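Geometric and topological summary
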Amino acid sequence: MKAKTKDYNEEYLNLVKRLAPRTNEPRSLFNAFIVGGFICIIGQFIRYFLMYVFGIYGDELAGATSMVLIFIGCLLTGLGVYDKIGHYAGGGSIVPITGFANSVCSPAMEFKSEGYVYGLAAKMFVVAGPIIVYGISASVATGVVYYFINLLSA
Amino acid sequence: MWDIVFMYLKAFLVGGAICTLAQVLINTTKMTSGRILVTFMLLGAVLQAFGVYELLINFAGAGATVPISGFGYLLAEGAINGAKNGLFSAITGGLKAASAGITAAVVFSFIMALIFKPKSKIN
Amino acid sequence: MGKSTIFFKNKPRIISTYTIAGPKEAQANVGKFIHETLIDDRFGEDTFEKAECKMLSSCIQKAIKNSGKSLNEIDALISGDLLNQIISASFAARDYDFSYIGVYNACSTIVESMSLAGALVDGGYMKNVVVATGSHFATAERQYRYPLELGSTRPPQSQWTVTGAGAALVSTDGIFPKILSATFGKVIDFGVTDANNMGAAMAPSACETLVTLFNETKTSPSDYDLILTGDLGALGTRLLKILIEKRGYTIDNHVDCGEIVYNIKEEEYQGGSGAGCSAVVFNSYIYDKLLKGEIKKMIFMATGALLSTVSTQQGESIPGISHAVVIES
């Protein structure tokens, strides 16, 4: 018996594609819209609150607002609530900054059992690491390009 | 008074729309949450590199800053502002502007991970 | 073609079983047949990995106890699980003073172990061999997917890893369900790459092993009261039925452990999966029916998807494997 070659089967793959259940599109979009919008309303409320109660403005206000939201995201993750929101809302709870907090906090909790250094700390960015890597790279690229544009136009 | 209510409405609609766009991507491309976050962050950074995203922020406030694309905006905007003061601050400006978010994420996650354990899931 | 089926002449028997499952499984269809259900799926341990290991270990101990045999009479343990380097099985074997044979074939490990145990006992090399497999939702999620608390959506074609373990004691004594033959499967890969769609990855191998079994034992589906598959799930089951119809068989007496282990609601999507899935369903509900004689002759075929997180990340397709045993009450 000769060694067999890979028995990839296009016909079968098409069958799988045809039978595979689909996400309930309209409902998932609606959930994402409502939850995502609601989180942004909370963000707007925090903005106004910090502005009128603590008198914070400008860049500081943006930073403070996202800090409060990140705290909420981390707290809900710690309490074991955020993943339930995620199952319901999908993109509606992934994309807001609270979802970023969730993606940093959940691996930290998960891998704590592997120790505080190589578990909790080292694996904190297994999901969110790419955001930092590509975010900073994009930011540096933008900064350098603008620097040379400024040089040329000066 | 009415402009505050109107601001909430705009934040809701714009924020919701960005999240819906993400959901469309999830449904059609089976993208996982890490990829979604990176895509939207880059989207915000690129739009701001062309000076577009801040228009959206002026219009919708938290509706545009709360989604992760707002984080990308901060990174790009910080770099652009830094570029005015020389090459060094062009490189460091982005992270400086985004430092609040990253610091908060690291510190709060660390604290939460010290306090809580993952819960077992039944659904 | 080579031979895949071995026939047992001395009829090794499954003389006792024991199953443990988590709270979610306890509330579901087969819940009332499971010997021991946990209220807390940490099982009093501080990590989920330790809990999985403890489930396996206590399953082994209680299956032996149920049989009335003493620990000295046991010759070997054949066991496996889903975690890297099969740590749960190996660490559970630490608790025992008999030989340990660690095996891995993903979710088909239970039947693989049972076949090997049957061969050892049938050949007269050993008298009493324990087989056990288990899985845990939380440990499988961490290894194959995401942290538990990450708020991501589960795609509709995904399955839910069963928290549970099952053990069976294969021996020669008494009047108990006996293993007639074992069919070892081939690795089949039709090129499915979606790690969330394991039913589709496993169905071709399930079809292949079933057809081989029918050919080599010269039987047809109607000779069996039940054809029990491991964890194809709802979609995998549909695919298996389509595939096997093309080979000229209809299997109306087919039941899938993954499909029946939960009351299929939307959250579970395609049903259960994992090394514990078929181990829990067979060793509780189905074994009970075999003992009562409600099932006379059946095929028990567990299916496994041989993927790892590395192979998935590198874009490899998912090979499937299925092993089957024929059991008569």
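Conventions and cut-offs
Residues numbered from 1 in each chain as written. Chains lettered and ligands numbered in written order. Predicted model: local features only at pLDDT ≥ 70, side-chain atom pairs only at ≥ 80, totals over all residues. Helix = DSSP H or I, 4+ residues; strand = E, 2+ residues; numbered from the N terminus. Rg over C-alpha atoms; globule rule 2.2 N^0.38 Å. Buried ≥ 20, exposed ≤ 12 C-beta atoms within 10 Å, placed from the backbone. Contact = placed C-beta atoms within 7 Å. Nonpolar A, V, L, I, M, F, W, Y, C, P; charged D, E, K, R; others polar. Axes fitted to C-alpha atoms, helices over the stretch in contact; angles between N-to-C directions. Left-handed = near helix turned anticlockwise from the far one by under 90°. Domains from an automatic or database assignment. Core = buried A, V, L, I, M, F, W, Y, C linked by C-beta atoms within 7 Å. Pairing = 2+ DSSP bridges. Right-handed = clockwise from strand over helix to strand, strands pointing away. Expected span 1.5 Å × (residues − 1). Parallel < 35°, antiparallel > 145°, perpendicular 65-115°, else oblique.

The subject of this paragraph is the overall build of chain A. A count of helical and extended segments in chain A gives eight helices and zero strands. Starting at the N terminus, the α and β elements of chain A follow one another as α-α-α-α-α-α-α-α. Computed over the C-alpha atoms, the radius of gyration of chain A is 22 Å, more than 25% above the 15 Å expected from 2.2 N^0.38 for a compact globule of 154 residues. Considering only C-alpha atoms, chain A reaches an extent of 80 × 50 × 40 Å along its principal axes.

As a further point, take the overall build of chain C. Broken down by element type, chain C carries ten helices and 14 strands. Over its C-alpha trace chain C gives a radius of gyration of 18 Å, about what one expects of a compact globule, namely 20 Å for 329 residues. Here the C-alpha coordinates of chain C stretch approximately 50 × 50 × 35 Å along the principal axes. Going through the 329 residues of chain C one by one, you find that 61% of them count as buried. Long-range contacts, defined here as pairs at least 24 residues apart, represent 80% of the contacts in chain C between residues at least 6 apart.

The interface is formed by 64 residues belonging to chain B together with 65 residues belonging to chain A. If you list the elements that add at least two residues to the side of chain B that touches chain A, you get helix H1 (2-29), helix H2 (33-49), helix H4 (62-65), helix H5 (68-83) and helix H6 (87-115) of chain B. Element by element, the count of residues in the side of chain B that touches chain A is highest for H6(B), at 17 residues. Per-class residue counts for the side of chain B that touches chain A are 44 nonpolar, 17 polar and three charged.

Further remarks concern the packing of helix H8 (residues 129-153) of chain A against H6(B). Following both chains from N to C, one finds H8(A) and H6(B) inclined at 145°, their axes separated by 8 Å at the closest point. Along this stretch, H8(A) crosses H6(B), giving a crossing that reads as right-handed. The segment H8(A) lies against H6(B), with A:Ile132, A:Ile136, A:Ser139, A:Val140, A:Gly143, A:Val144, A:Tyr146 and A:Tyr147 engaging B:Leu87, B:Ala90, B:Ile91, B:Gly93, B:Gly94, B:Leu95 and B:Ile102. Grouping the constituent residues of the contact of H8(A) with H6(B) by class yields eleven nonpolar, four polar and no charged.

Residues and elements named next belong to chain C. When its domains are assigned, chain C resolves into domain 1 (7-171) and domain 2 (178-328). The centre of domain 1, based on its C-alpha atoms, is set 18 Å off from the matching centre of domain 2. Each partner contributes residues to the interface: domain 1 has 52 residues there, and domain 2 has 52 residues. A total of seven residues in the side of domain 1 that touches domain 2 trace back to one element, the largest contributor, which is helix H4 (residues 109-122). Residues belonging to the side of domain 1 that touches domain 2 are distributed by class as follows: 25 nonpolar, 21 polar and six charged.

Another aspect to go through is unusual backbone geometry. One can expect most non-glycine residues to show negative phi and most peptide bonds to be in trans. All names here are of chain C. Although it is not a glycine, Ile86 sits at a positive phi angle of roughly 30°. Locating Ile86 in the fold gives a position in the loop between strand S4 (76-81) and helix H3 (87-93). A tally of 20 C-beta atoms within 10 Å means that Ile86 is categorised as buried. At Lys218, a position not held by glycine, the phi torsion is positive, near 50°. Owing to 7 C-beta atoms within 10 Å, Lys218 belongs among the exposed residues under this scheme.

Further remarks concern the nonpolar core. Core analysis: the largest hydrophobic core is formed by 111 residues, its most contacted members being C:Val130 and C:Val131. When residues of this core are assigned to domains, at least three fall in each of domain 1 (7-171) and domain 2 (178-328) of chain C. A:Met67, A:Ile85, A:Tyr146 and B:Ile18 belong to the second largest nonpolar core, which has 77 residues in total.

Bringing the pairing of strand S10 (residues 226-229) of chain C into the picture now. Regular strands have side chains that alternate between both faces of the sheet. All names here are of chain C. Where S10 meets strand S13 (residues 297-305), four bridges bridge the pair, whose relative direction is parallel. Each residue of the ladder has a partner; that of Ile227, found in S13, is Ile299. One ladder, built from three bridges, connects S10 with strand S11 (residues 254-256); its direction is parallel. Bridge pairing links Ile227 to His254 in S11. Regarding the hand of the β-α-β motif, the stretch spanning S10, helix H7 (residues 233-246) and S11 is right-handed.

Here we take up H4(C). Compared with the 20 Å implied by 1.5 Å per residue over 14 residues, the 19 Å span of H4(C) between its first and last C-alpha is a close match. Across the 14 residues of H4(C), 13 count as buried, placing the element largely inside the fold.

For the rest of this paragraph, the subject is the pairing of strand S14 (residues 320-328) of chain C. Residue and element names in this part refer to chain C. Across the nine residues that make up S14, a large majority, eight, are buried. Pairing geometry for strand S9 (residues 178-183) and S14, over five bridges, is antiparallel. The partner of Ile179 across the bridge, within S14, is Ile327. Relative to S14, S13 runs antiparallel, the two sharing nine bridges. Looking at the pairing, Phe300 lines up with Val325 of S14.

What follows deals with the packing of helix H2 (residues 25-53) of chain A against helix H4 (residues 82-89) of chain A. Each packed pair of helices is defined by two parameters, the angle between the axes and the distance between the axes. All names here are of chain A. It is at 8 Å that the axes of H2 and H4 come closest, and there the two elements cross at 135°. As the angle between them shows, H2 and H4 are arranged oblique. Listed contacts from H4 to Asn31, Ala32 and Val35 of H2 are Ile85, Tyr88 and Ala89. Among the residues making up the contact of H2 with H4, the classes are represented as five nonpolar, one polar and no charged.

This part is about the environment of C:Ser113. Residue and element names in this part refer to chain C. Residue position: Ser113 is located in helix H4. Judged by local crowding, Ser113 falls into the buried class, with 31 C-beta atoms found within 10 Å. Residues Ser113 and His323 lie 210 residues apart in sequence; the distance between their C-alpha atoms is 9.7 Å. Setting aside anything within four residues of it in sequence, one finds Ser113 in contact with Ile78, Ser79, Gly80, Val103, Val131 and Thr133.

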